[in-house]
Amino acid sequence: MAKSTSQQLEGRSALVTGGGRGIGRGISMTLASRGAEVCVSDIDAESAEQVAAEINEGGGNAFAAGGNVTDIDSISEVAQSAIETFGKLDICVPNAGVLGGPTFMSRRDYIAEDWDMTWDVNVRGVVNTSDAVVDHMKERMYGKIVIIASHGGRAPRGVPDEGRGNVQGPYMVSKAAAIQWTHWLAMNIGQFNINVNAVCPGRLWTPMWQAIAQNHKELNPDLADMSIRDIFEMQIKGTMPLGREQTPEDIGKVVAFLASDDASEITGQALNVNGGGIMN
């Protein structure tokens, strides 16, 4: 008899980077609700501790770990801590990501800092996180790596410029690289019974998309009287056939599926969870 959804990941252990807020929090909470033990990692250690505490208060099993995915030694220490705490590590979710440099919201065009930061976090950070767990998974002949990319890495959005400039270019290119890394890694470690897939979220009311809406507001005088929430909803209605936003929990549910044995024959795929905003 198949396990119920609440037992889907019973006996499994997971590491989630960028787990302290937004999509990462939703993934961490969902994996825990499906029975997994979770190491919640975030460069903001306090936010990771809050999520881990919430999981534990709800009857789950989690602990928090700081960690910088751009530093291979740092994220390797986090992975080793998870392995020692849980006795093994079955699931790895490289989720940590950035939009660009600190002044992203006020600019129309990208600068060198945007390329540097998106490459370091969204690409090298994903590679570092994967590298930190692969040897352990190979030894055990079992593992699930679920990379969080973006539907922006699948195809450009809208028409050229669209009143927002090209400040999102580095972000979209970095997410395309994360998808390509997913394909490459899946091909090279499948022989060790390790599944590697990516999830491509659409538009979620998280700090990241709030920053994007703020960027649109500041650069477009015709949006000056709109709240950033109104701008966000306008974008959804104009781009998504289902006409509704996604939530961190929506992403968490798909990650849980791909991390489960129900998805044992799925690898090397990048799955859009975006209300049909981009179709492949």
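Let me begin by describing the structure that accompanies this report. (Residues numbered from 1 in each chain as written. Predicted model: local features only at pLDDT ≥ 70, side-chain atom pairs only at ≥ 80, totals over all residues. Heavy atoms only, no water.)

1. Quick look at the side chain of Asn197
The criterion, for reference: Per the convention used, a helix needs a DSSP run of H or I reaching at least four residues, while a strand needs a run of E reaching at least two, with both numbered from the N terminus. Any two residues whose heavy atoms approach within 4.5 Å are treated as being in contact.
Turning to its location among the elements, Asn197 is positioned in strand β6 (residues 194–201). Leaving out residues up to four positions away in the same chain, Asn197 has contacts with Ile145, Val146, Ile147, Thr182, Leu258, Ile266, Thr267, Gly268 and Gln269.

2. As for the layout of surface pockets
Cut-off, in case you're wondering: A cavity here means a set of points on a 1 Å grid, drawn over the protein atoms and nothing else, where a 1.4 Å probe fits but cannot get out; a pocket is an open set with protein on both sides within 12 Å along at least five of seven lines, and a residue lines either one if it has an atom within 4 Å of a point. Grid points are joined across faces, edges and corners, and a volume is the space filled by probe spheres set on the points. Gly counts as polar in this scheme, as do all residues outside two lists: the nonpolar Ala, Val, Leu, Ile, Met, Phe, Trp, Tyr, Cys and Pro, and the charged Asp, Glu, Lys and Arg.
Here the largest pocket is characterised by a volume of approximately 990 Å³. Elements with a contribution of two residues or more to the lining of the largest pocket: α1 (22–33), α4 (112–140), α5 (169–189) and α6 (207–219). If one sorts the elements of the lining of the largest pocket by residue count, α6 sits on top with five residues. The residue inventory of the lining of the largest pocket, partitioned by class, reads 22 nonpolar, 18 polar and seven charged.

3. Overview of the pattern of salt bridges
Using the following cut-off: Any Lys or Arg side-chain nitrogen located within 4 Å of an Asp or Glu carboxyl oxygen qualifies as a salt bridge. Under the scheme applied here, a residue whose accessible area is under 20% of the maximum for its type counts as buried, over 50% as exposed, and between as partly exposed, the area being computed with a 1.4 Å probe on protein chains only.
Evaluated as defined, the whole model comprises eight salt bridges. With its nearest N and O atoms 3.8 Å apart, the salt bridge here joins Asp90 to Arg12. Residue Asp90 is found in the loop between α3 (72–86) and β4 (91–93), and its partner Arg12 is found in the segment before β1 (13–16); the two are separated by 78 residues along the sequence. Among the residues examined, Asp90 registers a relative accessible area of 0% and is labelled buried. Through salt bridges with shared partners, one network takes in Arg12, Lys88, Asp90, Arg140 and Asp261.

4. Considering the sheet that holds strand β5 (residues 143–148)
Consider a sheet: its strands pair through backbone hydrogen bonds, and that pairing is either parallel or antiparallel. Put simply, the rule is: Two strands are said to pair when DSSP picks up at least two bridges between them. To obtain each axis, a line is fitted to C-alpha atoms, and for helices this fit is confined to the stretch in contact; angles are then taken between N-to-C directions over 0 to 180 degrees.
Spatially, β3-β2-β1-β4-β5-β6-β7 is the arrangement adopted by the seven strands of the open sheet, whose pairing is parallel. Lying at the two open borders of the sheet, with one neighbouring strand each, are β3 (62–65) and β7 (270–273). Between one strand axis and the next, the sheet turns by 20 degrees as a mean value, whatever way the strands run. The sheet contact formed by β1 and strand β2 (residues 37–41) spans four bridges and is parallel. Across the sheet, residue Ser13 finds its bridge partner in β2, namely Glu37. Contacts from α3 reach β1, β2 and β3 within the one sheet, and its direction differs from that of β2 by about 160 degrees. Packed onto the sheet, helix α8 (residues 248–258) meets β4, β5, β6 and β7 and runs at close to 165 degrees relative to β6.

5. A few points about α6
This is how it is decided: Helix span, as expected, comes to 1.5 Å for every residue beyond the first.
The first and last C-alpha atoms of α6 sit 18 Å apart over 13 residues, in line with the 18 Å expected at 1.5 Å per residue. If you check which residues of α6 are buried, you get Trp209, Ala211, Ile212, Ala213, Asn215, His216 and Leu219. Turning to α6, the residues buried within the fold contact α7 (228–239).

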